[in-house]
Amino acid sequence: MSYIPNTDTDRSEMLATIGVSSLDALFDQIPQPQQFQGLLNIPPRLDQISLMRHLTTLARKNVHADDFPCFLGAGIYDHYTPPTVAAITGRSEFYTSYTPYQPEVSQGMLQSIFEFQTLLCQLTGMDVANASMYDGATALAEAAIMASDLTGRSRIAMLSTVHPNYRAVTETYLRHINIALDIVESSDDLGDETAALLVQHPNFHGNLEDMDKLSEAAHAKGALLVVCVDPISLGILTPPGDYGADIVVGEGQALGCPMGYGGPLLGLFACKNEFMRRLPGRIVGQTTDADGKRAFVMTLRTREQDIRRERATSNICTNEALYALAASVYLATMGKQGMRQVAELCLQKSHYAAAEIGRLPGFALAFPEKPFFKEFAVTTPTDPVQINERLLARGIIGGLPLTQQRPQLGHAMLFCVTEQRTRVEIDALVAALSEEMR
Amino acid sequence: MKLTIEPLLFELSKPGRSGVELPACDVPVLSISDLLPSEGLRSTLPLPELSEPEVIRHYTHLSQLNYSTDSGFYPLGSCTMKYNPKLNEEVARLPGFARVHPDLPDTAAQGTLEVLYSMQEILAEIGGMDTVSLQPAAGAHGELLGLMLIKAYHDDHGQGQRCLVLVPEAAHGTNPASAARCGYTTVTIKSDGRGRVDMAHLRTLLTENQENVAGLMLTNPNTLGLFEDDIAEICAMIHTAGGLVYCDGANMNALVGRARPGDMGFDVMHFNLHKTFSSPHGGGGPGSGPVGIKSILEPYLPVPQVVKTDGGYRRDYDRPKSIGRIHGYYGSFLCILRAYAYILYYGRERLANIAENAVLNANYIRVQLQNSFDVAYNELCMHECVFTAKRQQRERGVRALDIAKRLMDFGFHPPTIYFPLLVPEALMIEPTETESMETLDSFISAMRQIASEIETDPAIVLSAPHETVVHKLDEATAARKPVLRWREQHK
């Protein structure tokens, strides 16, 4: 068998060395009633050619962003990934390695994480970052818990404009450790027991929040400001460190990671220096080796579950190291100029699309007064789910229907326009939408 | 060629360089100040500037400083560092999977939904469970979900006072940490002289806390690589006390196709797809930790589950008793996909070959090294074996850590050390099924040589590693005066 090198001869020889008569005898330690007899009811084996054919057939049943221009975002984005990312993340020295617990033979991964932490700090204007979390939603939930620990307060306020999935995950996490979650419309609704105000910026609708005001209001109540960012937007938007954010989280998928039907993802997590020892998850630090050479190592380990057990800052035992590497290679390749350019392209193209769609009869911007970055909500003349069906029939992936999540808007959908979309594609979308009123 | 340390990305940066060329804007360009408020705009963006060849060379050099499964034997106990088949990587790169947006209508994502549905069914069958949630993004995330389900079950049955989770002392650190994250208090169960759950102690704990036990978390085989052979009785005792039993599936590589946690009496378990089912570890993630459950817990599963209907597959959100969401989307789809490819490759005919060869390889190492190092509990083991260097430490001052570092000089990744906690100077070795007898033999010979060095020339072991790009690190200073990022003034 191609993944198992042992031959029958090897097996016989090894069994003889061990002193047991058969492979079955190796399992004698499992009492008979607990041994599984017979064959599992799972599909039969496939040779590699048949397996590839089967999976390729399944892949063809999906609509994907290489074939259809994608105007769907809402947390997962179709941004351009430069070819350096796949070239490096495809190196099996990285992807087939384990967590770098043994620093002498893991300097590659350790240094790449140290660089990731630095890049994230540069992007967000924060002091320190960890080696990453599962995804943006769980990062936000962890930030809420960390804020509660730091302040000794047991209520969390979240603006109602945070992504509903993030809100749902945070709600699940907090409920189990008795931290109350208040959904608030504005910073006026903060109480003296509020540990933190959670804000998404740009928010779920793509709009910019008034961060200076929110920051001031949160801090006036002694609460921390937790900001959930779109890292691409930080190519032009003010870094959260500048407006006083205490903890910054976000979804890092846009930084060179595949959409992959929403997973795996890359949770970003950064904070102020003074909170460093309460960070969840892995952190890499710089040190020296016995000869005085610069070297990197996982550090502040006494926060973690394998040492601190039930008193750990989190139960997390994973970081998304390979995706953090992808994000680092992405940021290194894009650099100062590329990141600014991507952000500007998103800004210009989305505004062009919004203006064109807004001119269509029956369509209107849902939040015409509010600035937006790369996504915008529009009210639609017909059911957005059906609009999407018609768009798909024309080879276009439409926006996210908001009818369920934001019923107060009536028929509405959220469009996303990244640097990947061309004017031709945007015009085709607008032309298709113009059919809705006919 | 000798490897050297690599400068940092930031030290390679030079103003004016760029690694990408993006298209010019093809829509009318408006003034940014007309689109966004000025206070919302950043003035500087302090990112590095490198050209494409520099980026590639930098990260290629870094990759060369990294040990990996593709470059050598990685006998890390409890981690299941098996070979990651290349076909699975190719599949995960197919745009029909990699470039699919999670908010597409179900009709446009039937391929991914079929994979998810099939894996719910397949993993349930492998675990002897009734159904599976694929959402947890890692093993510890699975533990958290499993405990949330247990809590939901008790709350729903008017048993909200059950606040204790029993955890054996040999358990992974994630178990108590996950329990704490679910609002539970953990109580540690002692191990007996055979390295298993101390049944007398368990009985005492249950008697003392009868009404308050929410459940028990157990790894089987346990972290000593030994099967908990009282498992049927343990589950029965917990059930009688009104609790539920959680299986930490970290060690499923010992069992696939040969035994199922569901048949042993477990109510809930997690799988580590990045261990048992070969999704790559990626240097510490991403992982995937699906949770299998018995039907009593089904009402509380997170949303959505994938269901099969006459019209195809769809995401089902209609679960009134659901605990809610635990992931932004549906878990680590691309890891689940790789695991699906791996399981289909083995199929029902040969899935058990995984466990059989993993257990064979572990016992081969145990027997071949038992005269050089003391086996913590010397009996037939499952997929891993645990040695103790207590004797070497006492007699020669050589610790498990030193042995681990010395192994690097022979070209091997060290085993897991100092775990499980109840074995002093533990060396925990898990070879997996994807290593050849020749590889095991060369590892065995390196370990024997180290054993003899400890007797004749302990200094060479104590000062190891000698052949790596950096030598022993000052970890104390790293923690005492943390430097967690590069800053300009360090230049």
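Residues numbered from 1 in each chain as written. Chains lettered and ligands numbered in written order. Predicted model: local features only at pLDDT ≥ 70, side-chain atom pairs only at ≥ 80, totals over all residues. Heavy atoms only, no water.

Peer 1: Would you take a moment to explain the overall build of chain B for this structure?
Peer 2: Each helix and strand in chain B was counted, giving 18 helices and 13 strands. By the compact-globule yardstick of 23 Å for 491 residues, chain B fits well, its C-alpha radius of gyration being 25 Å. Judged by the C-alpha coordinates and their principal axes, chain B covers about 75 × 65 × 45 Å. Scored against the burial criterion, the 491 residues of chain B give a buried share of 68%. Within chain B, counting contacts between residues at least 6 apart in sequence, those at least 24 apart form 71% of the total. Averaging the coordinates of the 44 positive side-chain charges in chain B and doing the same for the 58 negative ones gives two points 3 Å apart. (Helix = DSSP H or I, 4+ residues; strand = E, 2+ residues; numbered from the N terminus. Rg over C-alpha atoms; globule rule 2.2 N^0.38 Å. Buried < 20%, exposed > 50% of the residue type's maximum accessible area, 1.4 Å probe, protein only. Contact = heavy atoms within 4.5 Å. Lys, Arg positive; Asp, Glu negative; His and termini not counted. Charge placed at Lys NZ, Arg CZ, Asp CG, Glu CD.)

Peer 1: Help me understand the interface of chain A and chain B in this model?
Peer 2: It is common to report an interface's size as the accessible area lost on association of the parts. Of the residues lining the interface, 187 residues belong to chain A; the matching set on chain B comes to 202 residues. Counting each side, the surface lost to burial between chain A and chain B is near 17,300 Å², with a carbon and sulfur contribution of 63%. The largest share of the area that chain A buries against chain B comes from Tyr3(A), Glu104(A) and Tyr261(A), three residues that together contribute 6% of it. The interface formed by chain A and chain B contains nine salt bridges. Across the salt bridge formed by Asp127(A) and Arg487(B), the nearest N and O atoms sit 3.9 Å from each other. Applying the counting criterion to the chain A and chain B interface returns 100 residue pairs in polar contact (both at pLDDT 80 or more). Its residues assigned to classes, the side of chain A that touches chain B comprises 95 nonpolar, 60 polar and 32 charged. (Buried area = accessible area lost by both parts, 1.4 Å probe. Salt bridge = Lys/Arg side-chain N within 4 Å of Asp/Glu carboxyl O. Polar contact = N/O pair within 3.5 Å; in protein donor to acceptor, adjacent residues only side chain to side chain. Nonpolar A, V, L, I, M, F, W, Y, C, P; charged D, E, K, R; others polar.)

Peer 1: What is the right way to look at the sheet that holds strand 10 (residues 364-365) of chain A in this model?
Peer 2: Within a sheet, each strand pairs with its neighbour through backbone hydrogen bonds, oriented either parallel or antiparallel. All names here are of chain A. Pairing in this open sheet of four strands is antiparallel, and the strands run 10-11-13-12 from one edge to the other. The outermost strands of the open sheet, each flanked by one partner alone, are strand 10 and strand 12 (400-401). Summarising the sheet, strand 12 and strand 13 (residues 412-416) pair through two bridges and their orientation is antiparallel. Of the residues in strand 13, the one forming a bridge with Pro401 is Met413. Contacts from helix 11 (residues 321-358) reach strand 10, strand 11 (375-379) and strand 13 within the one sheet, and its direction differs from that of strand 11 by about 5°. (Pairing = 2+ DSSP bridges. Axes fitted to C-alpha atoms, helices over the stretch in contact; angles between N-to-C directions.)

Peer 1: Explanation requested: helix 3 (residues 48-60) of chain A in the structure shown.
Peer 2: All names here are of chain A. If you check helix 3, its first and last C-alpha atoms are 18 Å apart, about what 13 residues at 1.5 Å a residue would give, namely 18 Å. Turning to helix 3, its buried residues are Leu51, Met52, Leu55, Leu58 and Ala59. Down the axis of helix 3, the buried side of the element spans an arc of 125°, and every buried residue falls inside it. Turned more than 90 degrees away from the buried face of helix 3, the exposed residues are Ile49, Arg53 and Arg60. Sitting at the amino-terminal end of helix 3 is Asp47, which places a side-chain oxygen 3.0 Å from the backbone nitrogen of Ile49. (Expected span 1.5 Å × (residues − 1). Arc of directions from axis to C-beta.)

Peer 1: It is not clear to me how the sheet that holds strand 5 (residues 244-249) of chain B should be interpreted in this structure. Could you clarify?
Peer 2: All names here are of chain B. Across the sheet, which stays open at both edges, the seven strands sit in the order 1-7-6-5-4-2-3 with mixed pairing between neighbours. At either margin of the open sheet sits one strand with a lone partner, and together these are strand 1 (131-133) and strand 3 (185-189). In this sheet, adjacent strand axes meet at a mean angle of 25° when their direction is disregarded. Note that strand 2 (residues 164-168) and strand 3 share five bridges and pair parallel. The partner of Val165 across the bridge, within strand 3, is Thr186.

Peer 1: Where do I start with the domain arrangement of chain B in this structure?
Peer 2: Residues and elements named next belong to chain B. For chain B, the assigned domains read domain 1 (100-349) and domain 2 (352-468). Relative placement of domain 1 and domain 2: their C-alpha centres are 30 Å apart. Contacts between the two partners involve 26 residues from domain 1 and, on the opposite side, 22 residues from domain 2. Carbon and sulfur atoms supply 64% of the area that domain 1 and domain 2 bury against each other, a total of about 1,900 Å² over both sides. Counting the contacts that link domain 1 with domain 2 gives two salt bridges. For the pair domain 1 and domain 2, the number of links is six residue pairs in polar contact (both at pLDDT 80 or more). (Domains from an automatic or database assignment.)

Peer 1: Explain the domain arrangement of chain A here, please?
Peer 2: Residues and elements named next belong to chain A. Taken domain by domain, chain A holds domain 1 (85-328) and domain 2 (335-437). Just the C-alpha atoms count here: the centres of domain 1 and domain 2 sit 29 Å apart. Buried area between domain 1 and domain 2, summed over both chains or domains, comes out near 1,600 Å², and the portion from carbon and sulfur atoms is 65%. Three residues stand out in domain 1 for area buried against domain 2, namely Phe204, His205 and Ile236, and they jointly supply 38% of the buried area on that side. By residue class, the composition of the side of domain 1 that touches domain 2 is 10 nonpolar, eight polar and one charged.

Peer 1: I keep staring at the pattern of salt bridges and nothing clicks. Help me out?
Peer 2: When charged atoms on two side chains of opposite charge get close, those side chains can pair. Following the criterion strictly, the structure yields 45 salt bridges over all chains and no others. In this structure, Arg91(A) engages Glu93(A) in a salt bridge whose closest nitrogen and oxygen atoms are separated by 3.0 Å. On the basis of relative accessibility, which here comes to 22%, the residue Arg91(A) falls in the partly exposed class. Salt bridges linked by common partners bring Asp66(A), Asp78(A), Arg421(A), Glu425(A) and Arg99(B) together as one network.

Peer 1: Looking at this structure, how should I read the side chain of Glu384(B)?
Peer 2: Residues and elements named next belong to chain B. Looking at where Glu384 falls in the secondary structure, it is placed in the loop between strand 10 (374-375) and strand 11 (385-388). In this structure the side chain of Glu384 is engaged in a polar contact, spanning 2.7 Å, whose partner is the backbone nitrogen of Ser78. Apart from residues no more than four positions distant in its own chain, Glu384 is found in contact with Gly77, Ser78, Asn222, Thr223, Leu224, Gly225, Asn251, Ala362, Met428, Ile429 and Glu430.

Peer 1: Would you mind going over the side chain of Thr112(B) with me for this structure?
Peer 2: Note on placement: Thr112(B) falls in helix 6 (residues 110-127). Engagement of the side chain of Thr112(B) in a polar contact is seen with the backbone oxygen of Ala109(B), the distance being 3.0 Å. Every residue in contact with Thr112(B), bar those within four places of it in the chain, is listed here: Asn62(A), Tyr261(A), Phe97(B), Val100(B) and Phe333(B).

Peer 1: Explain unusual backbone geometry to me, please; I cannot follow it from the model alone.
Peer 2: One can expect most non-glycine residues to show negative phi and most peptide bonds to be in trans. Cis rather than trans, the peptide bond between Gly285(B) and Pro286(B) has omega equal to 5°. The residue Pro286(B) is located in the loop between strand 6 (268-271) and strand 7 (291-293) in this model. Along the chain, Val303(B) connects to Pro304(B) via a cis peptide bond; the corresponding omega equals -5°. As for its placement among the helices and strands, Pro304(B) is situated in the loop between strand 7 and strand 8 (305-309). Even without being a glycine, Tyr261(A) presents a positive backbone phi close to 55°. Looking at the element boundaries, Tyr261(A) is found in the loop between strand 6 (247-251) and strand 7 (267-271).

Peer 1: Hey, could you run me through the packing of helix 6 of chain B against helix 12 (residues 333-350) of chain B in this one?
Peer 2: For any two helices packed against each other, one specifies the crossing angle of their axes together with the interaxial distance. Residues and elements named next belong to chain B. Put simply, helix 6 and helix 12 touch, their axes get as near as 10 Å, and they point 60° apart. As far as their axial angle goes, helix 12 and helix 6 are oblique. In the crossing of helix 6 with helix 12, the sense of the turn from one axis to the other is left-handed. For the pair helix 6 and helix 12, the contacting residues are Thr112, Val115, Leu116, Ser118, Met119, Ile122, Leu123 and Ile126 in the first and Phe333, Ile336, Leu337, Ala339, Tyr340, Ile343 and Leu344 in the second. The residue inventory of the contact of helix 6 with helix 12, partitioned by class, reads 13 nonpolar, two polar and no charged. (Parallel < 35°, antiparallel > 145°, perpendicular 65-115°, else oblique. Left-handed = near helix turned anticlockwise from the far one by under 90°.)

Peer 1: Mind showing me how you'd approach the nonpolar core here?
Peer 2: One finds Leu197(A), Met339(A), Phe97(B), Ile126(B), Leu202(B), Phe277(B) and Ile365(B) to be the most contacted residues of the largest nonpolar core, which totals 232 residues. The dominant element in this core, judged by the number of residues it contributes, is helix 11 of chain A, at 18 residues. Setting aside anything within four residues of it in sequence, one finds Phe277(B) in contact with Leu123(B), Ile126(B), Val256(B), Phe271(B), Asn272(B), Arg338(B), Ala339(B), Tyr342(B) and Ile343(B). (Core = buried A, V, L, I, M, F, W, Y, C linked by side-chain atoms within 4.5 Å.)

Peer 1: Help me understand helix 11 of chain A, please; the structure alone is not making it clear to me.
Peer 2: Residues that lie three or four places apart on an α-helix share one face, since the helix turns once every 3.6 residues. All names here are of chain A. Taking 1.5 Å of rise per residue, 38 residues should cover 56 Å, yet helix 11 covers just 42 Å from first to last C-alpha, more than 12% shy of that figure. Most pronounced at Gly335, the bend in helix 11 amounts to some 95°. Within helix 11, 30 of the 38 residues are buried, which leaves the element mostly enclosed by the surrounding structure. (Bend = angle between axes of the 7 residues up to and from the residue.)

Peer 1: Help me understand the environment of Val306(B) in this model?
Peer 2: Residues and elements named next belong to chain B. Following the sequence through the fold, Val306 ends up in strand 8. Considered as a pair, Val306 and Ser133 are 173 residues apart in the sequence and their alpha carbons are 9.0 Å apart. Setting aside residues no more than four positions away along its own chain, Val306 makes contact with Leu113, Leu116, Tyr117, Gln120, Tyr313 and Arg314.

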